[in-house]
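Residues per chain, in single letters:
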Amino acid sequence: MNSPLNPDVMAQPTPSEHEVLSKVIVVEHDAQSLAAMKACFEECKLGGYRASPESAPAVLGANIDLGAIFLSEVDGNGHDCFALVHALHMARPDLPVFMRMAPGHGVEDLPEAVSKALAGVYATGDYGRAKELIETYLFSRHYPNEFVSEIKGMTLAALRASFKGMQVEVEQPYIVKDKLIYGELFSLIPLESNWCRGYMMLQSEEEKILDIIRAKKTTVNTPEPTFRHVNAVLGELSNMVWGSFKNRYGLKSLQDGLGQVRVEIPIIVNHMRKYISFGSDDAQLCFKFTVTDPDGKLDSSVLYQKFIFSLDWAPEKYDESNQNVNELVSSGELELF
Amino acid sequence: MAQVLVVDDSDAVRSEVSGFLSKNGITVATAVDGKDGLVKIKGDPGVKLIFADVNMPNMDGLTMVEKIRSEVGNKTVNIIMLTTESDAGMKERGKAAGIKGWIVKPFNGANVLDAVKKMVA
């Protein structure tokens, strides 16, 4: 599950550097519909992994950072895709599934089990409806580009301080509906400001980070590093990002909360399924960072950073308060008193 | 007897700071939180400089600093906060307790070595 397959990747949109994308699986045999979908995806900032009905379960199983699934009512042989819809929905119930239907067909023509598994349908050629579904299910939450840029910068700085002499690269930010956990370990830390409240999660693989520690390219200096040292690296990395976030956006004043009900939602972790739910179906903001050894001696290590603002999200207040945010703090310098 | 005490709940930070100082000929002891830091400073009153984190379990760094001055009665040890925090109110609290400086993480040893050497001399 951790190493994505290399399915046929549809044309990627070309958004600005900090614009948020989403990745989707597309099961579509009709060339005309596929061409129209590409145009639609370009406009809606979606990147598509194309799969056949046969390969779709494997492509789904190999990708943990998806936003939705698009498929057609029938496959290239004229057989319905109902069993596939049901199977994909059962495998990943958090992902909205959208079905293209032939003109004149509607959701009422589908078996109940299939219609329940679908988030929405659109008629062939009706990409206006497809865009509505995308906006409703994927992009209902707006992440300001400047905010995305700032938190990416904070994280890159923390990663470069944590992994010395390593190259750190980041993919275009994207939103995910999946609730799956990448790798064997993750850190979780609350984030809070006057306009947002939720969590930051950093997920990674133990052995890859352990190799970097063994190569003495982290702050840890020990002859026999163990998983506890991996925890220490990930913990301090999370701490630095949290500190930058707090220094930049401040904390909600405790005074503001006096006398008000402070909402908390249980976080559910299913270890067997590598699944974590924060009690909200809102799309999560995700960054994929890759830490690479410039000498080529170490395997690259991947870290997924997810922001889950499940408790409060008011980006319009970010725009208002952004004029008064704190200046970025210069780190590493001694301020003498 | 150590010259410097590094108080941080992060193994990574303790390792980094103590490793850097040791390489530069400075003897170092470590503590895992504020409570542990208090115990260590009581047991080794000859420490000249403390690097302390702010956010730690059991006892935070600023509370530890205040207790070092009040409960332990050590008015002379130099203290530098090494933290992700940069809140002005926290710095004022630290100044009131007589800290000497503040570093926002990450730690950059080369930037502070001269000052450290003066403080432990």
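Keep in mind that this is a model prediction, so the values were computed, not measured. Each residue is numbered by its place in its chain's sequence as written, counting from 1. Naming scheme: in the order in which they are written, chains are lettered from A and ligands are numbered from 1. pLDDT decides what is reported in this predicted model: residues at 70 or higher carry local features, side-chain atom pairs at 80 or more are listed and counted, and totals for whole chains, interfaces and linings draw on all residues regardless.

Caption draft 1: Focus on the domain arrangement of chain A. Residue and element names in this part refer to chain A. An automatic or database domain assignment supplies the start and end points of every domain. Domain boundaries in chain A define domain 1 (8-137) and domain 2 (145-324). One C-alpha centre belongs to domain 1, the other to domain 2, and the line joining them spans 29 Å. Each side of the interface is counted separately: domain 1 has 17 residues, and domain 2 has 19 residues. Per element, the largest residue contribution to the side of domain 1 that touches domain 2 is three residues, and it comes from strand β2 (residues 21-27). In terms of residue class, the side of domain 1 that touches domain 2 is made up of eight nonpolar, four polar and five charged. Whether two residues are in contact is decided by their C-beta atoms, placed from the backbone, lying within 7 Å. Numbering goes from the N terminus for both helices and strands, where a helix is a DSSP run of H or I of at least four residues and a strand is a run of E of at least two. Gly is put with the polar residues, along with every residue not named as nonpolar or charged; the nonpolar set is Ala, Val, Leu, Ile, Met, Phe, Trp, Tyr, Cys and Pro, and the charged set is Asp, Glu, Lys and Arg.

Caption draft 2: Geometry of the nonpolar core. Counting 121 residues, the largest nonpolar core has I25 of chain A together with I50 of chain B as the members making the most contacts within it. Residue contributions to this core reach at least three from each of two domains, namely domain 1 (8-137) and domain 2 (145-324) of chain A. With sequence-adjacent residues up to four places away left out, I25 of chain A is seen in contact with Y49, A51, A56, V59, L60, L66 and I69 of chain A. One nonpolar core equals one set of buried Ala, Val, Leu, Ile, Met, Phe, Trp, Tyr and Cys residues connected by C-beta atoms within 7 Å. Note on burial: count the other C-beta atoms lying within 10 Å of the residue's C-beta; 20 or more is buried, 12 or fewer is exposed, in between is partly exposed, and C-beta positions come from the backbone.

Caption draft 3: Looking closely at the environment of Y127 of chain A. Residues and elements named next belong to chain A. You can see Y127 is positioned in helix α5 (residues 127-137). Accessibility expressed as a C-beta count within 10 Å gives 20 for Y127, which makes it buried. Sequence-wise, Y127 and F41 are 86 residues apart; in three dimensions their C-alpha atoms are separated by 9.9 Å. Residues within four places of Y127 in sequence aside, it is in contact with A36 and C40.

Caption draft 4: Focus on the pairing of strand β5 (residues 97-101) of chain A. Residues and elements named next belong to chain A. For β5, the buried fraction is high: four of the five residues fall into the buried class. The pairing criterion for strands is at least two bridges between them, as found by DSSP. Of the strand pairs in this sheet, strand β4 (residues 68-72) and β5 are connected by four bridges, and their pairing is parallel. Paired with L71 across the bridge in β5 is M99. Throughout, right-handed denotes a crossover for which the path from the first strand over the helix to the second runs clockwise when the strands point away from the viewer. Chirality of the crossover, the property in question, places the unit of β4, helix α3 (residues 82-91) and β5 among those that are right-handed. Pairing analysis gives four bridges linking β5 to strand β6 (residues 120-123), with the strands arranged parallel.

Caption draft 5: Structural view of unusual backbone geometry. For the bond running from K105 of chain B to P106 of chain B, omega is 10°, close enough to zero to count as cis. Locating P106 of chain B in the fold gives a position in the loop between β5 (101-104) and α5 (109-120). Even without glycine at this site, K45 of chain A takes up a positive phi of about 65°. Summarising the element assignment, K45 of chain A is placed in the loop between α1 (31-44) and β3 (46-50). Even without being a glycine, K274 of chain A presents a positive backbone phi close to 50°. Within the secondary structure, K274 of chain A is located in the loop between β11 (268-270) and β12 (275-277).

Caption draft 6: Structural detail: the interface of chain A and chain B. Counting from both sides, the interface comprises 25 residues of chain A and, opposite them, 25 residues of chain B. Of all the secondary-structure elements, those providing two or more residues to the side of chain A that touches chain B are α8 (227-249) and β15 (334-336) of chain A. Examining the composition of the side of chain A that touches chain B, we find that 11 residues originate from one element, α8 of chain A, more than from any other. Each residue belonging to the side of chain A that touches chain B can be placed in one class, and the counts come to 10 nonpolar, 11 polar and four charged. Inspection of the sheet shows β15 of chain A paired to β5 of chain B by three bridges, in the antiparallel sense.

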